[in-house]
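In case you want the letters, here they are:
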Amino acid sequence: MAAPPVLLLPPPPADAAARRVLIAARFGPGPPPRVERVPGGVPAAGTPALPALRTPGGALLGPGAAALFLSPPRLRGTAPPRGRPGATVGGLRRGRPGHGRGHRAGGAPRGPRPGAAGAAPGAGGSRGPPERPLLPGGGRRHPGRCHRGLRPAGPVHAGAGCPLPCPVPGGHSLVPGLCPASRVPGRAGGRAALRGGGTPRPPPPGTPEEQPQGVPRGPGSGGPGQAEPPPAKSAAQLKKEAKKREKLEKFQQKQEKNRELQAQAQAKAKPSRARRELQGLRYEIPTPPGCKKDVGGPLPESYSPAYVEAAWYSWWEKEGFFRPECGRSLDTPNPRGVFVMCLPPPNVTGTLHLGHALTVAIQDTLTRWHRMRGLTTLWAPGCDHAGIATQVVVERRLLRSRGVTRHQLGRDAFLGEVWRWKEEKGDRIYQQLRRLGASMDWERACFTMDPKMSRAVTEAFVRLHEQGLIYRSRRIVHWSCTLRSAISDIEVEKRELGGRTLLRVPGYEEPVEFGVLVAFAYPLEGAGEGEDAEVVVATTRLETMLGDEAVAVHPEDPRYQHLRGRHVLHPFTGRRLPVLHDAFVDPQFGTGAVKITPAHDATDFEVGQRHGLGGATVIGEDGTMVNVPAPFQGMPRFKARSALLETLKERGLFRGVSENPMVVPICSRSKDVLEPRAVPQWFVRCQGLAGAAAAAVRRGDLRLHPASHARTWFSWMDNIRDWCISRQLWWGHRIPAYFVTINDPRVPPGQDEDDRFWVSGRSEDEARAKAAAAFGVSPELVSLRQDEDVLDTWFSSGLFPFSIFGWPDPTPDLERFYPGSLLETGHDILFFWVARMVMLGLALTGRLPFREVYLHAIVRDAHGRKMSKSLGNVIDPLDVIAGVSLQVGPQNPLTPPQKTPQAPPGV
């Protein structure tokens, strides 16, 4: 059995010529060839370009000849097409049968070209295209596509001494590299031997034809019945072809030379600029911290920030260049003046981001400019203890590492863990500020929990309490059930919902539904015949109905005029609830009748105070139901919501549910849904303090830049509410207030929210003496219990401009540097920090803490969100300076915020 031919292919991807050969081999009549991949894709000199075919006889065929060799006989012109006996094919055609050059647009076949060799008489008169060979599966293949470029004009013949059919008219004359009879090396082959309608390319001018002697020419050499040989080319044509070959050779030589030059250039290429900076542009001369940098060595070839900035800052700091005492005595007044500015103290919990970097860049520019102008300049740094944020971080760390909670550990042990964490992590912010080159006076740096700062906080609380500006009362606050603490307004995220929405809540496996209004009926007490026996109310927080104290309607609503002085019955507690007529009710909202829950709604709390209602708490500090009947007692609040809905349906009191746009308050720290709760807390009376702060801006004593922020300032100051300053935490400044118990039966015990039974003091002895004087008893009869809560972080931060200089003691720094010259910060804390510094400064020192306020814009991400660790969009300025690899995590910080999923109807 003869060996199969060998098909030599270039490495993938294959070009069009290789695909044609493969298709011809796939549908050819003979045995399939053995395929070999030739590395490099270029065969040896004197052989055709790949793809090529080595036949069993030893011939090496180029792309076109290989496709011809592997094609079926009927496509090579040696057999008539099926269905057309007697017709011959004049060689391979480019066009598709029925669609290409051989047929007209209407489907009628073209006749043979005039004078075409090999065309049988009458072939042009046949109707319809030749039948196309069927592909596997019933499809048809188009032979013209398999052998594009092969168009011999006459029948296929074989040359003398060549066993292969050849489409060259008159024989191939032993084209070098094509036939086994020829072993003369040559460059022509494949399509080169078959181009131009079968005419082989002549040898270069002046060169004898490379033809072995004694070998006769094949058919077509002029014998009878054969096609005429092609006419000889003129001298001009031969010269033109010679020039083309010469140009091609020069081009190939030039390409080869270019490849060699590129290889040499790559071998000698210098590393990139970034690599040079990493490898050779760093300052490597050993310099102890605080010593001056050696600048006598050669400078790098290009500018490198790492090289220039290295080893300078520690020397600047040691030499005291950033201190106001540098180059002068503070005892002698500077005729050019004094410039004082405080850094807004960043939280000790985290690291600086680009927002902090913007603040530092602006403030450093202002400080250095005033220093160069000759002013006595002080830029005072500091760090905030960040009560809630720090406690949450340490609690999670303890639970993750040791599996214990702060309650299991105890207060003193837990505070010890927080201080250890602060010593480990708290210095990173200062190192970042140094790396940014901030020219701060580090010897005056302070931490808001330092002893001198704690003393200032205690003094401020006692003074304000003695003046009646701080009091204790039971009021509605934002309560985080996860943190079990009241939180500040700045830590509340208000999420707007357009309707029915499912939200994830910590502690619940399933999402909780919000944005719906549930209507249910209260039975009317003593309903007469023909009278509506119920009052339908609607609520977005169904679980609070267990704490309802009344039902309210608008006094002019005609639907409820008959309910004056009437009561409804609570379906679960059986209590009688009065029907109130109050103008705060919106008759267009819901049914026009609303439930009143004074302990769990700020508006209802005020209504309850106006009408003397009670205020039983039904949701505990951990978010479970308390003081309610079974089976709801101890149930989580949102599970109780679902249980109440089912129970109302069972009792026939459910009246429907509808979508209701609303705002849900979310805790920025715990992501919990905040619960309004009425709890005893400490408050600051702000009306008088805010009036003084607003007047300072109106008089021009305090200037805001840009001036457009004055409108916001007046809006807040003129509509301010009392400030809740107590937090149910352990980390922070413990409130210096004591609950008084008199061990005398003549003095009745007091209530926790009764301000008369609370005294403040700088020490326990001072508080005992105050209590004894207030109740007219001896100090031995007084028992004290210090409040376990701590003060709001913003309270201690509000004292920062003067507490850093030793207030309340009359220190030299306080005399020289208070009040400050300027405050520069972001506009987002204009109320939470700036306004409170102004109010506390006026109340405790009688002077404004600064004369001007510069407010800059906020750095936000691509989606308009502030930088936040919880959002994952924080960028460390040190990474901007030194570079950092991009990390692709489970949530890309650059992706837009996800939309809140909408619940399907009926859920």
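Student: Explain the overall build of the protein to me, please; I cannot follow it from the model alone.
Tutor: Regarding its fold elements, the protein presents 24 helices and 31 strands. Looking at the protein as a whole, 44% of its 907 residues qualify as buried. Sequence separation of 24 or more characterises 73% of the internal contacts of the protein that already satisfy a separation of 6 or more. On the protein, roughly 46200 Å² of surface is accessible, and the fraction owed to carbon and sulfur atoms is 54%.

Student: Looking at this structure, I do not really get helix α15 (residues 602-611). What am I missing?
Tutor: The α-helix advances 3.6 residues per turn, and as a result positions three or four apart in sequence lie on the same side. Of all the residues in α15, the buried ones are Asp 604, Phe 605, Val 607 and Gly 608. For α15, the angular spread of buried residues about the axis comes to 165 degrees, placing them on one side. In this structure, the buried residues of α15 make contact with β9 (470-480), β18 (576-581), β19 (593-596) and β22 (675-684). Sitting at the head of α15, Asp 601 places a side-chain oxygen 3.0 Å from the backbone nitrogen of Thr 603. Following α15 by one or two positions, Gly 612 has its phi on the positive side, about 70 degrees.

Student: So what exactly am I meant to see when it comes to unusual backbone geometry here?
Tutor: Leaving glycine out, the prevailing phi sign among residues is negative, and the prevailing peptide bond configuration is trans. Of the consecutive residues Ala 630 and Pro 631, the connecting peptide bond is found in the cis state with omega at 5 degrees. Mapped onto the elements, Pro 631 comes out in the loop between α15 and α16 (637-650). Cis geometry marks the peptide bond from Tyr 818 to Pro 819, where omega comes out at 0 degrees. Structurally, the position occupied by Pro 819 is in the loop between α22 (812-817) and β30 (822-826). Although it is not a glycine, Ala 311 adopts a positive phi angle of roughly 70 degrees.

Student: Quick question: what am I supposed to make of the pattern of salt bridges here?
Tutor: Scanning the entire structure with this criterion turns up 56 salt bridges. Across the pair Asp 441 and Arg 444 runs a salt bridge whose closest N-O atoms are separated by 2.5 Å. For the salt bridge of Asp 582 with Arg 610, the shortest nitrogen-to-oxygen distance reads 3.1 Å. Here the residue Asp 582 occupies a position in the loop between β18 and β19, and Arg 610 occupies one in helix α15, the gap between them amounting to 28 residues. Accessibility expressed as a relative area gives 48% for Arg 610, which makes it partly exposed. Taken together, the shared-partner salt bridges connect Arg 323, Glu 325, Asp 331, Asp 441, Glu 443, Arg 444, Asp 813 and Arg 816 into one network.

Student: Explain the confidence of the model for the protein here, please?
Tutor: Low pLDDT marks regions whose predicted coordinates should not be analysed in detail. With 77% of its residues at a pLDDT of 70 or more, the protein has an overall mean of 80. Counting contacts from residues 888-907, a segment whose pLDDT is below 50, to residues more than four positions away or on other chains yields 26 contacts.

Student: I keep staring at the sheet that holds strand β4 (residues 60-61) and nothing clicks. Help me out?
Tutor: Overall, mixed pairing links the four strands, which are arranged β2-β1-β3-β4 in an open sheet. Two strands lie at the open edges of the sheet, namely β2 (34-37) and β4, each paired on one side alone. Pairing geometry for strand β1 (residues 6-9) and strand β3 (residues 52-54), over three bridges, is antiparallel. The residue bridging Leu 8 from the neighbouring strand is Ala 52, located in β3.

Student: For this particular structure, what's the right way to read the nonpolar core?
Tutor: Nonpolar side chains in soluble globular proteins generally cluster together in the buried interior. Counting residues in each nonpolar core, the largest one holds 66 residues, and the members touching the most others are Leu 702, Trp 713, Met 717, Ile 725 and Phe 795. The leading source of residues in this core is helix α23 (residues 830-845), at eleven residues. Once residues within four sequence positions are removed from consideration, Ile 725 is found in contact with Phe 461, Ile 470, Trp 682, Phe 683, Val 684, Val 790, Leu 791, Asp 792 and Phe 795.

Student: Explain helix α13 (residues 428-435) here, please?
Tutor: What α13 keeps buried is the set Ile 429, Tyr 430, Gln 432 and Leu 433. With its buried residues spanning 160 degrees around the axis, α13 presents them on a single face. Those residues of α13 hidden inside the fold are in contact with α9 (354-372), β7 (382-383), β8 (446-447) and α24 (877-882). Looking one or two residues past α13, Gly 437 carries a phi angle of roughly 80 degrees, positive in sign.

Student: When you look at the packing of aromatic side chains in this model, what are you seeing that I'm missing?
Tutor: The geometry of two aromatic rings is summed up by the distance between their centres and the angle between their planes. For the coordinates displayed, the defined rule picks out 28 aromatic pairs. An angle of 85 degrees between the planes, with centres 5.4 Å apart, marks the rings of Trp 315 and Phe 321 as edge-to-face. Ring pairs connect the aromatic residues Trp 312, Tyr 313, Trp 315, Trp 316, Phe 321 and Phe 322, which therefore count as one cluster. Above the face of the Phe 683 ring, Arg 475 is positioned so that its terminal group lies 5.6 Å from the ring centre.

Student: In this structure, what is going on with the packing of helix α1 (residues 16-27) against helix α2 (residues 63-70)? I would like to understand it.
Tutor: To characterise two packed helices, one gives the angle between the axes of the helices and the distance between these axes. Direction vectors running N to C along α1 and α2 enclose 15 degrees, while the axes themselves pass 8 Å from each other. Classified by the angle between their axes, α1 and α2 sit roughly parallel to one another. In the crossing of α1 with α2, the sense of the turn from one axis to the other is left-handed. Here α1 contributes Ala 17, Val 21, Ala 24 and Ala 25 to the contact with α2, which in turn contributes Pro 63, Ala 66, Ala 67 and Leu 70.

Student: Hey, could you run me through the pairing of strand β31 (residues 852-856) in this one?
Tutor: Regular strands place side chains that alternate from one sheet face to the opposite one. Within β31, four of the five residues are buried, leaving the element largely enclosed by the surrounding structure. With five bridges connecting them, β30 and β31 associate as parallel partners. Counted as the bridge partner of Thr 825 is Leu 855 from β31. What joins β30 to β31 is α23, and the crossover it makes is right-handed.

Student: Looking at this structure, how should I read the sheet that holds strand β17 (residues 567-569)?
Tutor: Taken in spatial order, the four strands of this open sheet run β17-β18-β16-β19, and their pairing is mixed. Sheet topology places β17 and β19 at the edges, where each strand pairs with a single neighbour. Here the strands of the sheet are splayed against their neighbours by 30 degrees on average, with no regard to which way each runs. Direction of pairing for strand β16 (residues 550-553) relative to β19: antiparallel, over a ladder of four bridges. Residue pairing in the sheet places Val 553 in a bridge with Ala 593 of β19.

Student: Sorry if this is basic, but what is going on with the side chain of His 465 here?
Tutor: Along the chain, His 465 turns up in helix α14 (residues 451-466). Apart from the residues lying within four places of it in its own chain, the contact partners of His 465 are Ile 470, Trp 682, Asp 755, Trp 758, Val 759 and Ser 760.

Student: Help me understand the state of the cysteines in this model?
Tutor: Covalently bonding the sulfur atom of one cysteine to the sulfur atom of another cysteine gives a disulfide. Per the stated rule, a full pass over the model turns up zero disulfides. Residue Cys 342 stays outside any disulfide, its sulfur separated by 8.1 Å from that of Cys 446, the closest cysteine.

What counts, and at which threshold
- Residues numbered from 1 in each chain as written.
- Predicted model: local features only at pLDDT ≥ 70, side-chain atom pairs only at ≥ 80, totals over all residues.
- Heavy atoms only, no water.
- Helix = DSSP H or I, 4+ residues; strand = E, 2+ residues; numbered from the N terminus.
- Buried < 20%, exposed > 50% of the residue type's maximum accessible area, 1.4 Å probe, protein only.
- Contact = heavy atoms within 4.5 Å.
- Areas by Shrake-Rupley, 256 points an atom, 1.4 Å probe, with all protein chains shown as cover.
- Arc of directions from axis to C-beta.
- Polar contact = N/O pair within 3.5 Å; in protein donor to acceptor, adjacent residues only side chain to side chain.
- Salt bridge = Lys/Arg side-chain N within 4 Å of Asp/Glu carboxyl O.
- pLDDT = per-residue confidence, 0-100.
- Pairing = 2+ DSSP bridges.
- Core = buried A, V, L, I, M, F, W, Y, C linked by side-chain atoms within 4.5 Å.
- Phe/Tyr/Trp six-rings, centres within 6.5 Å; stacked < 30°, edge-to-face > 60°.
- Lys NZ or Arg CZ within 6 Å of the ring centre and 35° of its normal.
- Axes fitted to C-alpha atoms, helices over the stretch in contact; angles between N-to-C directions.
- Parallel < 35°, antiparallel > 145°, perpendicular 65-115°, else oblique.
- Left-handed = near helix turned anticlockwise from the far one by under 90°.
- Right-handed = clockwise from strand over helix to strand, strands pointing away.
- Disulfide = S-S within 2.5 Å.

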